[in-house]
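# Observations on the three-dimensional arrangement
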Amino acid sequence: FPANTTIPAGGYLIVWADGDDTDAPGLHASFKLSKKGETVMLVDTDDRGNKVLDWVKFGKQKKDTAIGRYPDGTGDFRPLTMTPGKKNEL
């Protein structure tokens, strides 16, 4: 994440894992996620010991679908209604 990136309490941060920073405003990862499935991890900094903060292993994906934790941010990963920047909904 760029220096000074913050997420306010109760807020959301969208990171586009598309390897392309020209499509939509916001943060874009320098990599794409495979539609065949893979593992994604959120890892802390080198200075803080590279602790794994969260991770998800997902299988083959369908176009224009979403997965996320439900209840919002705490439960298991499951298919969701697409609600970018808002509370996760089934």
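Further up the page is the structure itself.
Let me begin by describing the structure that accompanies this report. (Residues numbered from 1 in each chain as written. Predicted model: local features only at pLDDT ≥ 70, side-chain atom pairs only at ≥ 80, totals over all residues. Heavy atoms only, no water.)

## Here we look at the side chain of His28
Residue placement: His28 occurs in strand S2 (residues 27–28). One polar contact links His28 to Asp18, side chain to side chain, over a distance of 3.0 Å. Side-chain polar atoms of His28 contact the backbone oxygen of Asp20, separated by 2.5 Å. In contact with His28, other than residues within four places in its own chain, are Trp16, Asp18, Asp20 and Asp21. (Helix = DSSP H or I, 4+ residues; strand = E, 2+ residues; numbered from the N terminus. Polar contact = N/O pair within 3.5 Å; in protein donor to acceptor, adjacent residues only side chain to side chain. Contact = heavy atoms within 4.5 Å.)

## Some thoughts on the pattern of salt bridges
All told, the structure shown has two salt bridges when counted by the stated rule. For the salt bridge of Arg48 with Asp44, the shortest nitrogen-to-oxygen distance reads 2.8 Å. When its relative accessible area of 61% is taken as the criterion, Arg48 is described as exposed. (Salt bridge = Lys/Arg side-chain N within 4 Å of Asp/Glu carboxyl O. Buried < 20%, exposed > 50% of the residue type's maximum accessible area, 1.4 Å probe, protein only.)

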